[in-house]
Amino acid sequence: MKPRVLQLNPILIPAVNDKLASLYDVHKYFELSDPQAWLGEHGASVDAVITGGHTGISRAMLERLPGLKVVAINGVGTDAVDLAYCRGRGLPVTATLGALTDDVADLAIGLLIAACRNLCAGDRFVRDGQWALHPQPSALPLARRFSGMRVGIVGMGRVGRAVAQRAAAFGCPISYTDLRPMDDLPHRFVNHLLDLAHDADALVLCAAADKAEGIVNAAVLEALGPRGFLVNIARGRLVDEADLTQALAAGRIAGAGLDVFVDEPHVPLALRQSERVTLQAHRASATRETRTAMGEMVLESLAQALAGERPTMSLTTEPRTEPLPVTGAHA
Ligand code: 8YV
């Protein structure tokens, strides 16, 4: 009998879905007509879960899956999974570490350029026929240069580093904050987010949201100032969305580029209507290349866990340190 896999989010790469279907008895949770009843009837026979970074899996659902051998996150965010609980259960939780770094960093820079150069307003101006109606060069306000902006990065993990690398290529001086300074980086470490915001023209959020809910609040936005831009490609919860909305409306910051929101897919009307904001629908990793690489990592994690091995990408189980027991003829 094939191992049973419960999939909590769609995967958009047909080759990955085909492979999953050929190897496993896959059940798509998002297509079940009565998911709770299904869990009651089949929960005990589920061997593996595939979920998205943003979706994760609730503790209550984990408790209904006693035979689970792996939770494979098709993403890098672990904030929606109770890692301590999984660790206690000896349950590997895997992520697609490294697969989406470049795309997420690309989108961060894209959003920042879009926000400070008013790309979306310019697009609408041409698309709506306004250019022909208002051909005078002053019809659109002058924008703000990106090259050379002081960029402050919040969270210097893989994505933060990739953003720094790209921004540095645009001649941007980089500062960052994190739990501690990193010796291998030439960039300036700033201990406090308020100071980072104060010294930056653009603040780029690349931090994990596990313990950082609402860190970008009215005070941080005030410090960023009326010429400052905010970019968020990490998690909506890092930002106090009400404070952000007010800061944008009052011109207390210059603009924002946002890929993530507190209550996706619901985006506050005030953000949707603001000319200062460039919006995306949580798309930072959404390229064919990255989603293919992520899908392959999920397949590998499943294969390893279901073969009784520790998945290489496990974040909750330790690699074996003691030597394997020696048995057989050559013992
Ligand atoms: C994922 C994300 O790509 O990696 C994460 O944590 O939030 C994403 O952008 C998404 O979860 C896809 O499943």
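Model, not experiment: these values are computed from the prediction.

A separate point is helix H13 (residues 288–306). Along its 19 residues, H13 runs 27 Å from first to last C-alpha, staying within 8% of the 27 Å computed at 1.5 Å per residue. Looking at H13, one finds that the buried residues are Thr290, Met294, Gly295, Met297, Val298, Leu299, Ser301, Leu302, Gln304 and Ala305. If you follow the buried residues of H13, they end up packed against strand S1 (4–7), helix H1 (14–23), strand S3 (48–52), strand S4 (70–74), strand S5 (93–94) and helix H5 (101–116). Immediately downstream of H13, the backbone of Gly308 shows phi near 85°, a positive value.

The next thing to look at is the domain arrangement of the protein. Partitioning the protein into structural domains gives domain 1 (4–99 + 288–306) and domain 2 (101–279). A C-alpha centroid distance of 32 Å is found between domain 1 and domain 2. In this assembly, nine residues from domain 1 lie in contact with eight residues from domain 2. Of the roughly 740 Å² buried between domain 1 and domain 2, counting both surfaces, carbon and sulfur atoms make up 36%. In terms of surface lost to domain 2, no three residues of domain 1 exceed His54, Asp79 and Gly98, which account for 64% of the buried area on that side. At the junction of domain 1 and domain 2, the tally comes to two salt bridges. A salt bridge links Asp79 to Arg237; the shortest N-O distance between them is 2.6 Å. In this assembly, domain 1 and domain 2 are joined by six residue pairs in polar contact (both at pLDDT 80 or more). Class assignment of the residues belonging to the side of domain 1 that touches domain 2 gives a composition of two nonpolar, six polar and one charged.

For H5, with 16 residues, the first-to-last C-alpha span of 23 Å sits near the 22 Å given by 1.5 Å per residue. Across the 16 residues that make up H5, a large majority, twelve, are buried. Among the residues of H5, those classed as buried are Thr101, Asp103, Val104, Ala105, Leu107, Ala108, Ile109, Leu111, Leu112, Ala114, Ala115 and Cys116. One or two positions beyond H5, positive phi appears at Asn118, with a value near 55°.

Direction vectors running N to C along H5 and helix H8 (residues 158–169) enclose 50°, while the axes themselves pass 8 Å from each other. One way to sum up the angle between H5 and H8 is to call them oblique. Crossing hand, H5 versus H8: right-handed. Side by side, H5 and H8 meet where Thr101, Asp102, Val104, Ala105, Asp106, Ala108 and Ile109 of the first sit next to Arg158, Val159, Ala162, Val163, Arg166 and Ala167 of the second. By residue class, the composition of the contact of H5 with H8 is eight nonpolar, one polar and four charged.

The next subject is the sheet that holds S4. With parallel pairing, five strands are arranged side by side in an open sheet as S2-S1-S3-S4-S5. Here the strands that pair on one side only, and so sit at the sheet edges, are strand S2 (25–28) and S5. Across five bridges, the pairing between S3 and S4 is parallel. Its bridge partner lying in S4, Ala48 is registered against Val70.

So, on to the site of the ligand. Residues in contact with the ligand amount to 13 residues; listed here are only the nearest, Gly53, Val76, Gly77, Arg235 and Ser285. Note that an oxygen atom of the ligand is positioned 2.8 Å from one of the backbone N or O atoms of Gly53. Contact distances for the ligand include 2.9 Å between an oxygen atom and a backbone N or O atom of Asn74. Considered on its own, the ligand offers 330 Å² of accessible surface; in the complex 87% of this is hidden by protein. Along the lines of polarity and charge, the residues of the shell around the ligand split into three nonpolar, eight polar and two charged.

A few words now on the nonpolar core. Ranked by size, the top nonpolar core spans 36 residues in total, and within it Met149, Val151, Ile153 and Val163 carry the most contacts. Put simply, the parts of the chain that give this core at least two residues each are H5, strand S6 (151–154), H8, strand S7 (174–177), strand S9 (202–205), strand S10 (229–232) and H13. If one sorts the elements of this core by residue count, H5 sits on top with nine residues. Two domains each put at least three residues into this core: domain 1 (4–99 + 288–306) and domain 2 (101–279). Apart from residues lying up to four places away in sequence, Val151 is in contact with Phe146, Ala167, Cys172, Pro173, Ile174, Ser175, Ala202 and Val204. Of all hydrophobic cores here, the second largest spans 29 residues; its members include Leu230, Leu258, Val267 and Val277.

Criteria and cut-off values
Residues numbered from 1 in each chain as written. Predicted model: local features only at pLDDT ≥ 70, side-chain atom pairs only at ≥ 80, totals over all residues. Heavy atoms only, no water. Helix = DSSP H or I, 4+ residues; strand = E, 2+ residues; numbered from the N terminus. Expected span 1.5 Å × (residues − 1). Buried < 20%, exposed > 50% of the residue type's maximum accessible area, 1.4 Å probe, protein only. Contact = heavy atoms within 4.5 Å. Domains from an automatic or database assignment. Buried area = accessible area lost by both parts, 1.4 Å probe. Salt bridge = Lys/Arg side-chain N within 4 Å of Asp/Glu carboxyl O. Polar contact = N/O pair within 3.5 Å; in protein donor to acceptor, adjacent residues only side chain to side chain. Nonpolar A, V, L, I, M, F, W, Y, C, P; charged D, E, K, R; others polar. Axes fitted to C-alpha atoms, helices over the stretch in contact; angles between N-to-C directions. Parallel < 35°, antiparallel > 145°, perpendicular 65-115°, else oblique. Left-handed = near helix turned anticlockwise from the far one by under 90°. Pairing = 2+ DSSP bridges. Near = heavy atom within 4 Å. Areas by Shrake-Rupley, 256 points an atom, 1.4 Å probe, with all protein chains shown as cover. Core = buried A, V, L, I, M, F, W, Y, C linked by side-chain atoms within 4.5 Å.

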